[in-house]
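In case you want the letters, here they are:
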Amino acid sequence: MSKTPFVTKEQLDEITKLYPTPFHLYDEKGIRENVKALKKAFSWNPGYKEYFAVKATPNPFLIDILREYGCGCDCSSYTELMLSEAIGATGADIMFSSNDTPAEEFIYADKLGAIINLDDFTHIDFLEKTIGHIPETISCRYNPGGLFKISNDIMDNPGDAKYGMTTEQLSEAFKVLKEKGAKEFGIHAFLASNTVTNEYYPLLAKILFKQAVKLQKETGVHIRFINLSGGIGIPYKPDQEPNDIYAIGEGVRQVYEEVLVPAGMGDVEIYTELGRYMTGPYGCLVTTAIHEKHTHKEYIGVDACAVNLMRPAMYGAYHHITVMGKENLPCDHKYDVTGSLCENNDKFAIDRMLPKIDKGDYLVIHDTGAHGFAMGYNYNGKLKSAEILLKEDGSAKLIRRAETPSDYFATFDCFEIGKKLIKK
Ligand SMILES: *Cc1c(COP(=O)(O)O)cnc(C)c1O
């Protein structure tokens, strides 16, 4: 089983003339085709809107592409709000789904007219005290607790998650918010992550739709939207069956017809806050093999490290690797593919069967388009890589330059590179 990169070795030879590895490369064509399919899958719902989860890939050039298809921004921090404002996404184009929210973030979100999605019952008071009023449109995050199961599979453990309000709190929150002047309500829940099954969204929708009908009856509020949030996953492993977005959209439609329409709630708008599904497969980390080491195991050292892609080190996540130009050679060498951090978990692959790798080979690490670059950090003083967009015409555009040592030292106001440290 294999995965085919969206870039060829010849294209990489051209790109690396201008931009050295490592870098994250994104596939404009793939991103466009995917967002078009998503919109089509939910076109049965006239109010449908995707709020791209900015944290997944906070690059304004990439989000601008999604904006062309009417996507808004799902933000949960001050700088994510800044990024959205900078690309012209304000007002109802922002869903502010934060938690443990600092006051200044509520103030900024309110200033931008964002839809605020409250994570907790106590945030009603906090928000009112902070911004001086309750917005007319407001959303609450729901956490039914327990385990989230599909058939006999445990998908995730909401009862153990810090997010959202209990059933009782949600109902109380709607009553209180209504008294305080809120007019339009939304319900949001995120109960399982990276689901590679067409059943997740319909099952989540059923829980939320039933809850919405109950809340409408109990509290008399107008529920304008239901936000299914993120969680649609991608097949990181080559033998995984990808999600069928049309089956997912159709599954949600059926539950909508079954639960909401008979309750007279056929005007509810469906929102999503997908991140991984929108960009994950349309990004890869391109790195070069720079060392080989033969000790108790066979190691290939590359010029990227966990700073550029943390998921394998952090979760033991699988990312498929293609050795460019050797796609048709037998995978008869067992390697650990490592980065240079002084951390033994800095490995992109462990005991991976790959073709024989020579120094200078490009390795394409697949599916890094979401929660890849974005999770980067600066351990060991390592710098974050560039991000490059492979455009539809095959040309490459630098959409974020690589960090330089000046970026690393910029937060010491007293430090000038090449000079002595001047303590103030
Ligand atoms: C992370 C996150 C998302 C996106 O999750 P994906 O798994 O990338 O789809 C959406 N909404 C909220 C509130 C999140 O925290």
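Notes on the structure follow. Keep in mind it's a predicted model, so treat the numbers as computed, not measured.

Along its length, the protein carries twelve helices and 19 strands. Overall, the protein is about 70 × 60 × 40 Å in size when its C-alpha atoms are taken along their principal axes. When each of the 424 residues of the protein is scored for burial, the buried share is 51%. For the protein, contacts bridging at least 24 residues in sequence account for 68% of all contacts bridging at least 6. For the protein, the exposed area adds up to about 19000 Å²; of that, 51% sits on carbon and sulfur atoms.

With that out of the way, let us pick up the nonpolar core. For soluble globular proteins, the rule of thumb is that nonpolar side chains tend to be buried together. One finds Y201, F209 and I223 to be the most contacted residues of the largest nonpolar core, which totals 87 residues. By residue number, the principal contributor to this core is helix α8 (residues 200-219), which donates nine residues. Contact partners of I223, with chain neighbours within four places excluded, come to F174, F185, I187, A212, L215, Q216, M265 and V268. By size, the runner-up hydrophobic cluster in this structure holds 16 residues, among which are V302, Y335, F348 and I365.

A few words now on the site of the ligand. Inspection of the region around the ligand gives 14 residues, with K55, G231, E273, R276 and H371 positioned closest. One of the side-chain nitrogen or oxygen atoms of K55 is found 2.6 Å away from an oxygen atom of the ligand. Within the contact set of the ligand, a nitrogen atom lies 3.3 Å away from a side-chain nitrogen or oxygen of S229. The residue inventory of the shell around the ligand, partitioned by class, reads three nonpolar, six polar and five charged.

We now examine the environment of I131. On the secondary structure map, I131 appears in helix α6 (residues 122-131). I131 has contacts with F106, I107 and D110, leaving out every residue within four places of it along the chain.

Turning our eyes to something else, we now look at the state of the cysteines. As enumerated under the stated definition, the model contains zero disulfides in all. Among the cysteines around C73, which has no disulfide bond, C75 carries the closest sulfur, lying 5.4 Å off. Classification of C73 as buried rests on a relative accessible area of 0%. For the unlinked cysteine C331, the closest cysteine sulfur is that of C284, found at 18 Å.

Reading around the barrel, the eight strands line up as β2-β3-β4-β5-β6-β9-β10-β11 and close back on themselves, with parallel pairing between neighbours. Each strand of the sheet is rotated relative to its neighbour by a mean of 25°, with strand direction disregarded.

A few words on the pairing of strand β18 (residues 386-390). Taken across its five residues, β18 has five buried, putting it largely inside the fold. Taking every second residue as pointing to the same face, both faces of β18 are buried, with A386, I388 and L390 on one and E387 and L389 on the other. Sheet analysis places strand β1 (residues 23-27) next to β18, joined by five bridges and oriented parallel. Considered in β18, the bridge of F23 is made with A386. Pairing of β18 with strand β19 (residues 396-400) involves four bridges; the strand directions are antiparallel. Residue pairing for β19: E387 is matched across the bridge by R400. Linking β18 to β19, which pair antiparallel, is a turn of five residues; within it G394 sits at a positive phi near 90°.

On the secondary structure map, T287 appears in strand β12 (residues 283-294). The exposure class assigned to T287 is buried, which follows from its relative accessible area of 0%. Within polar-contact distance, the side chain of T287 engages the side chain of D303 at 2.5 Å. Excluding residues within four positions of it along the chain, T287 makes contact with T21, P22, V302, D303, A304, D361, Y362, L363 and I365.

Moving on: the pattern of salt bridges. Within this structure, the stated rule accounts for 24 salt bridges. We note a salt bridge from D93 to R67, for which the minimum N-O separation is 2.9 Å. Taken as a pair, D93 in the loop between α4 (78-86) and β4 (94-97) and R67 in helix α3 (residues 60-67) lie far apart in primary sequence, 26 residues in all. When the shortest N-O distance is used, the salt bridge between K129 and D125 registers 3.1 Å.

Moving on: the packing of aromatic side chains. What characterises a pair of aromatic rings is the spacing of the ring centres plus the angle enclosed by the ring planes. The tally for this structure, following the rule as stated, stands at 15 aromatic pairs. Ring centres of F225 and Y271 lie 4.5 Å apart, and the angle between their planes is 20°; this geometry places the pair in the stacked category. With F225 in strand β10 (residues 222-227) and Y271 in strand β11 (residues 269-272), this residue pair connects regions lying 46 residues apart in the sequence. One exposure class covers both F225 and Y271, and it is buried.

Of the two faces of β4, the one lined by I94 and F96 and the one lined by M95 and S97 are each fully buried. Judged from the three bridges that link them, strand β3 (residues 72-75) and β4 form a sheet pairing that is parallel. Counted as the bridge partner of C73 is I94 from β4. Read as a crossover between parallel neighbours, the route from β3 over α4 to β4 is right-handed.

Okay, helix α5 (residues 103-111) next. When α5 is considered as a whole, its buried residues turn out to be E105, F106, Y108 and A109. Buried residues along α5 cover an arc of 165° about the axis, so they all sit on one side. Along its buried surface, α5 packs onto α4, β4, β5 (115-118) and α6. Note on α5: the residue one or two positions beyond its end, G113, has a positive phi of about 75°.

The rules behind each value
Residues numbered from 1 in each chain as written. Predicted model: local features only at pLDDT ≥ 70, side-chain atom pairs only at ≥ 80, totals over all residues. Heavy atoms only, no water. Helix = DSSP H or I, 4+ residues; strand = E, 2+ residues; numbered from the N terminus. Buried < 20%, exposed > 50% of the residue type's maximum accessible area, 1.4 Å probe, protein only. Contact = heavy atoms within 4.5 Å. Areas by Shrake-Rupley, 256 points an atom, 1.4 Å probe, with all protein chains shown as cover. Core = buried A, V, L, I, M, F, W, Y, C linked by side-chain atoms within 4.5 Å. Near = heavy atom within 4 Å. Polar contact = N/O pair within 3.5 Å; in protein donor to acceptor, adjacent residues only side chain to side chain. Nonpolar A, V, L, I, M, F, W, Y, C, P; charged D, E, K, R; others polar. Disulfide = S-S within 2.5 Å. Pairing = 2+ DSSP bridges. Axes fitted to C-alpha atoms, helices over the stretch in contact; angles between N-to-C directions. Salt bridge = Lys/Arg side-chain N within 4 Å of Asp/Glu carboxyl O. Phe/Tyr/Trp six-rings, centres within 6.5 Å; stacked < 30°, edge-to-face > 60°. Right-handed = clockwise from strand over helix to strand, strands pointing away. Arc of directions from axis to C-beta.

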